[in-house]
Amino acid sequence: AVWYQINREIFEEQYSRPIAMALTWAEHMVLALHRRCTVLALTEDRRREIIDAGCASERVAVIPPLMLDSQWPASGAEAEREPLIVWIGKIRRYKCAHHAIKAMPEVVRRVPRARLVIAGRRDDEAYEEELRQLAERLGVAKHVELRLNISDDEKFALLARAQAAVITSPVEGFSIVVIEANRCGTPIVATEGVPRDTAKDGYNGYLVPFNDRVALASALVRVLGDASTFDALTVNARHHAEQFSIERTGPRLDEAIDAALRASAHPSADVSHVASARGRDKAA
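Reading the values: rules and limits
- Residues numbered from 1 in each chain as written.
- Predicted model: local features only at pLDDT ≥ 70, side-chain atom pairs only at ≥ 80, totals over all residues.
- Heavy atoms only, no water.
- Disulfide = S-S within 2.5 Å.
- Buried < 20%, exposed > 50% of the residue type's maximum accessible area, 1.4 Å probe, protein only.
- Pairing = 2+ DSSP bridges.
- Helix = DSSP H or I, 4+ residues; strand = E, 2+ residues; numbered from the N terminus.
- Contact = heavy atoms within 4.5 Å.
- Axes fitted to C-alpha atoms, helices over the stretch in contact; angles between N-to-C directions.
- Parallel < 35°, antiparallel > 145°, perpendicular 65-115°, else oblique.
- Left-handed = near helix turned anticlockwise from the far one by under 90°.
- Nonpolar A, V, L, I, M, F, W, Y, C, P; charged D, E, K, R; others polar.

Enquirer: Got a sec to walk through the state of the cysteines? Specific residues and values, please.
Expert: Simply put, disulfide is the name for a covalent bond between the sulfur atoms of two cysteines. Following the criterion strictly, the structure yields zero disulfides and no others. Here Cys-37 is not disulfide-linked; the sulfur of Cys-55 is the nearest cysteine sulfur, at 8.3 Å. Residue class for Cys-37 comes out partly exposed when judged on its relative accessible area of 31%.

Enquirer: Residue-level account of the sheet that holds strand β1 (residues 2–3), with values.
Expert: One open sheet accounts for three strands, arranged β1-β2-β3; its pairing is parallel. With one partner strand each, in any of the chains shown, β1 and β3 (60–62) form the two edges of the open sheet. Bridge analysis of strand β2 (residues 39–41) against β3 gives three bridges, and the strand direction is parallel. Of the residues in β3, the one forming a bridge with Val-39 is Val-60. Each of β1, β2 and β3 touches helix α3 (residues 44–52); the most contacted strand, β3, lies at about 170 degrees to it.

Enquirer: Provide a residue-level description of the packing of helix α7 (residues 176–183) against helix α9 (residues 227–242), including the pertinent values.
Expert: Interaxial distance between α7 and α9 falls to 7 Å at its minimum, and their mutual angle equals 120 degrees. It follows that α7 is oblique to α9 by the angle criterion. Note that α7 runs across α9; the crossing there is left-handed. Judged by residue contacts, Ile-179, Asn-182 and Arg-183 of α7 engage Ala-237, Arg-238, His-240 and Ala-241 from α9. When its residues are assigned to classes, the contact of α7 with α9 shows three nonpolar, two polar and two charged.

Structure (structure tokens):
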């Protein structure tokens, strides 16, 4: 099994309390059915959560997503940066794009040319309208734009021009957006719900508490308004993204599959140690 994250916080953001409680209970039951399986988590943070939920530690391994070369834009001239903040994802309430809009009045006060683009797959038209109305109420409508159902080329063009990518979710299993942004040299400002394997505070961006508008605005201003900070973060960001190439993560998946097969034949086998490189002959 591959388990992205424990979804309780997502359910609480997306649904009413009774529905969220029911879904949390159902998720607990589904996880219980997998306790004797080999479970792959995307990060060490999520691995610890799964173990805390009752899975045996020796059966939970960490395998980051495989980042294929075809996912990345063709290399070319460096885009000219602008005080642009990009939010990318499925535009649903639990992703909390409205938190980024709530931070914009303070960001614009301190960086007047700052803009926020919320881009991604269309999923909830009512929520989209709420985002537009919120920007109007806060007086930042001219600084906030929604771009719907964008292509990969458009996504990477945005990231290449942006000075920051913002992730506002309460929890993420991995957050591919962080690595996509970092591959373009773009630092991130993310909630503490993004795993620390993916987002390293002060290295490839900044982490802030979930739903803390003041902290979010302050971190965004720091990235947009301080050239030396941006320059240091962008160098680190590119280096960080290289850690998730298929050449580095592919062998770990191979090893995890082999370990799961061994465990099915020998139930006491420990699959928690997953090699980070090839280097042994595989059993037939």
